[in-house]
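Coordinate analysis (summary)
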Amino acid sequence: MRPIVKVEGISKRFRIQPREAPSVRYPTLRESLVKMARSPFARNRMNGGSDGTVWALRDVTFEVMPGEVMGIIGPNGAGKSTLLKILSRIIEPTSGRVELYGRVASLLEVGTGFHPDLSGRENVFLNGAILGMKRREIESKFDEIVAFADVGKFIDTAVKHYSSGMYLRLAFAVTAHLDPEVLIVDEVLAVGDGNFQRKCLQKMDDVTRSGRTVLLVTHSLGMVTQHCQRALLLDGGLIVTSGSAQAVVDYYDAMCDQMRSTEADELAASSAP
Amino acid sequence: MFATKTTNRSSLDRNNEQSDVLYDLPDKPLLTIEARKSWVPLNLRDLWACRELLYFLMWRDIKVRYKQTVLGAAWAVIQPLVTMIIFTYFFGKLAKVPTDGVPYPIFFYTGLLLWTFFSNGVSSGANSLIGNSNLITKVYFPRLIIPSAAIGAGLLDFAIASILLIGLLVYYGFPVTLGYLMLLPLVGLTTVLALGVGIWFSALNVKYRDVRYALPFLIQMWLFVSPIIYPLSLVPEEWRWAMWLNPVTGIVEAFRCALFGRPFLWAPLGYSFVFSLVMLAYGAYAFRRMERTFAELI
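In this text, all values refer to a predicted model and were calculated from it rather than measured experimentally. (Residues numbered from 1 in each chain as written. Chains lettered and ligands numbered in written order. Predicted model: local features only at pLDDT ≥ 70, side-chain atom pairs only at ≥ 80, totals over all residues. Heavy atoms only, no water.)

1. Details of the overall build of chain A
To keep things clear, this is the line we draw: Numbering of helices and strands runs from the N terminus, with a helix taken as a DSSP run of H or I at least four residues long and a strand as a DSSP run of E at least two residues long. Residue burial is assigned from relative accessible area. The probe radius is 1.4 Å, only protein chains are included, and a residue is buried under 20% of its type maximum, exposed over 50%, and partly exposed in between. Any two residues whose heavy atoms approach within 4.5 Å are treated as being in contact. Under the convention used here, a 1.4 Å probe and the Shrake-Rupley method define accessible areas, while residue burial counts only the protein chains that appear.
When helices and strands are tallied, chain A shows eight helices and nine strands. Counting only residues that meet the buried cut, chain A has 49% of its 273 residues in that class. Considering only intrachain contacts with a sequence separation of at least 6, the fraction spanning at least 24 residues in chain A is 72%. Just so you have it, chain A exposes about 13,400 Å², and 52% of that area is on carbon and sulfur atoms.

2. As for the interface of chain B and chain A
When the parts come together, some accessible area is lost, and that loss is often what is quoted as the size of the interface. For the record, the criterion: Reported buried area values correspond to the accessible surface (1.4 Å probe) lost by two parts on association, with both partners' losses combined. A pairing counts as a salt bridge when a side-chain nitrogen of Lys or Arg comes within 4 Å of a carboxyl oxygen of Asp or Glu.
If you look at the interface, chain B gives 50 residues, while chain A gives 52 residues. Summing the contributions of chain B and of chain A, the shared interface buries around 4,800 Å²; its carbon and sulfur component is 59%. Per-residue buried area on chain B facing chain A is highest for L25(B), I33(B) and K138(B); these three make up 15% of the total on that side. For the interface between chain B and chain A, the tally reads five salt bridges. When the shortest N-O distance is used, the salt bridge between R89(A) and D46(B) registers 4.0 Å.

3. Some thoughts on the environment of S244(A)
Residues and elements named next belong to chain A. Note that S244 resides in strand β9 (residues 238-244). Sequence separation between S244 and C228 is 16 residues, and the spatial gap between their C-alpha atoms is 8.4 Å. When near neighbours in sequence (up to four residues on either side) are disregarded, S244 contacts Q229, R230 and A231.

4. Focus on helix α4 (residues 75-94) of chain B
Residue and element names in this part refer to chain B. As a reminder, the rule being used: By definition here, a helix of n residues has an expected span of 1.5 Å times n minus one.
With 20 residues, α4 ought to run about 28 Å at 1.5 Å a step, and its terminal C-alpha atoms sit 27 Å apart, in line with that. Residues of α4 that are buried: A76, P80, M84 and T88. Looking at the buried residues of α4, the elements they touch are α5 (104-131) and α7 (145-172). Of the residues trailing α4, K96 is marked for its positive phi of about 55°.

5. Regarding the sheet that holds strand β1 (residues 5-15) of chain A
Note the threshold: In short, DSSP must find at least two bridges between two strands for them to pair. Angular values range over 0 to 180 degrees, each being the angle between N-to-C directions of two axes fitted as lines to C-alpha atoms, with helices fitted over their stretch in contact.
Sheet architecture is open: four strands sit in the order β2(A)-β1(A)-β4(A)-β1(B), paired in antiparallel fashion. Two strands lie at the open edges of the sheet, namely β2 (53-64) of chain A together with β1 (31-34) of chain B, each paired on one side alone. Ignoring strand direction, the axes of neighbouring strands in this sheet form an average angle of 20°. Pairing of strand β4 (residues 95-100) of chain A with β1(B) involves four bridges; the strand directions are antiparallel. Paired with V98(A) across the strands is I33(B), a residue of β1(B). In this fold helix α2 (residues 80-87) of chain A packs onto β1, β2 and β4 of chain A together with β1 of chain B, with an angle of close to 65° to the strand it touches most, β2(A).

6. A closer look at the confidence of the model for chain B
Residues and elements named next belong to chain B. Rule in force here: The score called pLDDT rates the predictor's confidence residue by residue, from a low of 0 to a high of 100.
In this model, chain B carries an average pLDDT of 87, and 92% of its residues clear a pLDDT of 70 or more. Confidence, read as mean pLDDT per element, is least for helix α1 (residues 11-17) in chain B (44) and greatest for helix α8 (residues 183-207) (95). When the criterion is pLDDT under 50, residues 1-21 qualifies, and its contacts beyond four places in sequence or with other chains add up to 26 contacts. For this predicted complex, the interface score ipTM comes out at 0.81, while the overall pTM is 0.84.

7. Some thoughts on the packing of helix α11 (residues 247-260) of chain B against helix α12 (residues 266-291) of chain B
Relative placement of two packed helices is described by the angle separating their axes and the distance separating the axes. Residues and elements named next belong to chain B. So the rule is basically this: Throughout, the term roughly parallel applies to angles under 35 degrees, roughly antiparallel to angles over 145, roughly perpendicular to angles from 65 to 115, and oblique to all others. The handedness criterion is simple: a crossing whose near helix is rotated anticlockwise from the far helix by less than a right angle is left-handed, and one whose near helix is rotated clockwise is right-handed. Gly is placed with the polar residues, together with every amino acid not listed as nonpolar (Ala, Val, Leu, Ile, Met, Phe, Trp, Tyr, Cys and Pro) or charged (Asp, Glu, Lys and Arg).
With their axes 8 Å apart at the nearest point, α11 and α12 run at an angle of 130° to one another. Relative to α12, α11 is oriented oblique. The hand of the α11/α12 crossing is left-handed. Each of P247, G250, I251 and A254 in α11 lies in contact with α12, whose residues at this interface are P268, L269, Y271, S272, F275 and S276. Grouping the constituent residues of the contact of α11 with α12 by class yields seven nonpolar, three polar and no charged.

8. A closer look at helix α3 (residues 51-65) of chain B
Because an α-helix completes one turn every 3.6 residues, residues spaced three or four positions apart along the sequence face the same direction. For the record, the criterion: As used here, the arc is the angular range of directions from the helix axis to the C-beta atoms.
Helix length check: α3(B), at 15 residues, gives a terminal C-alpha distance of 21 Å against a target of 21 Å (1.5 Å per residue), a fit within 8%. Within α3(B), the full set of buried residues consists of L53(B), F56(B), L57(B), R60(B) and V64(B). Down the axis of α3(B), the buried set is contained in an arc of 95°. They therefore lie on one face. Along its buried surface, α3(B) packs onto α3 (120-130) and α4 (135-149) of chain A together with α6 (133-136) and α7 of chain B.

9. Topic: the sheet that holds strand β5 (residues 104-107) of chain A
What holds strands together in a sheet is hydrogen bonding between their backbones, with the strands either parallel or antiparallel. Residues and elements named next belong to chain A. A sheet is described by the order of its strands in space; here six strands give the open sequence β5-β6-β7-β3-β8-β9, paired in mixed fashion. Both edges of this open sheet fall to β5 and β9, since each of them pairs with a single strand only. Adjacent strand axes in the sheet meet at a mean angle of 15°, parallel and antiparallel pairs treated alike. Taken together, the four bridges between β5 and strand β6 (residues 182-186) define a ladder with parallel strand orientation. Residue S106 lies in a different strand from β6, and its bridge partner there is I184. In the packing of α2 onto the sheet, contacts are made with β3 (69-73), β6, β7 (213-217) and β8 (230-235), and the angle to β6 comes to roughly 145°. Packed onto the sheet, helix α8 (residues 245-271) meets β3, β8 and β9 and runs at close to 135° relative to β9.

Structure follows, in structure tokens:
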């Protein structure tokens, strides 16, 4: 059984510069001299690294089997979105390697590329093209997309006049009709009213049941246990644990409880006279 | 190839009964992602595969430009027309700039037409990445498409404004010459030059926002060192070589020669040709090298 997504030793370092102008290459001699002259005793930045770097991901290695739904969970700032961005080719890793054996589509945001002055119809084509669909594909699926979005006769009005609900429904309708082998989803389901969320979950169910591989980043542990077979727990850029969805969720719960009780203890200790 | 699955699997079954037979994975990965070394390939195949997106982005830029306007695409003619009238009065009549025996309006308009396309292309190209930052941080596609679409969208304005040129040629009675064969290639060459400069500046703009302020100034100065408002013959003989160093000079002069039935100056045109190609190659290469950090810097 070969994996469809193979991640090996992915690490990502971000540099945080004290000045406004970021410089990715090593600073020039002139810049280094100026930096030394300005603050000869500059302290180390909080996240380690004397020149102000942050390791968002450190040596992340895992495999995803075809047809699997893998959940990625972790506290804020764990590096989940950075990992997804690397898998979606938006950011380059500092080191490591990813091998993809299937076509990938990423949903990092709903309504990417929507232009407020264009009509719903025009935006469907634009959004579809941006997400990688061919024009013929969009044309053949157009009626389904419009029906799914349920915006009725407003399909030909400029989307800046849409209510936020209509906007979301239309945006999601396009993404719901993507047809990749591997789908990467980043918490897009966090917004919208109850109706919308239900529609999204329904579509997610269809997608997973049809055998697509899905990588899902979410804060909703219920979603992980309900829809995912395996899960990954990230914290501080490292994989803390991985395994069956239920086991990882339980571990995460325990971890959070542990943190909460430690905080409570510290609070009690500091406020005691 | 991705084989279809049978439909009656429950999610519990899947864990236990997967087999290689149902999933036909390729032997080699479709895509490998890793940190790139310094030499970055241009990846023309990727670009070609995304040509529909290029078309869609151009279409979007064009549609949005004239939405909710009363005059719509007429603006593409009104602007150069009014500019021509004003310049004809001040430079043609009052300052009496000599124009090699051709009436000032049409002399100026031929230069203006090409120059407007080139300068608008470079400006919109240079700002295109910053303007599309929402796309760059959320979706992947070859980023070269963005400035290319911005410059390509200018071709439509060029086409509309050239209607007025045709009108002027008819009005002044210039005959169709063999030189007309060179018109499309010259427009193509201008596009190549605009692409080269625009792509390079668009990449620089992401890292150094100075470009946004320096570029309008640079373009304005470039206008004055090109024979648009005045003819090349105005420049004394011993300094003319400095004018030829500007690639736009070669193209504009050739454009005028083609329209007015004069003999071509092949050497300067050849120089412009080589310069434009080199600029495009360099601009694209520099872009690809800087591309890996766009999403982080933008």
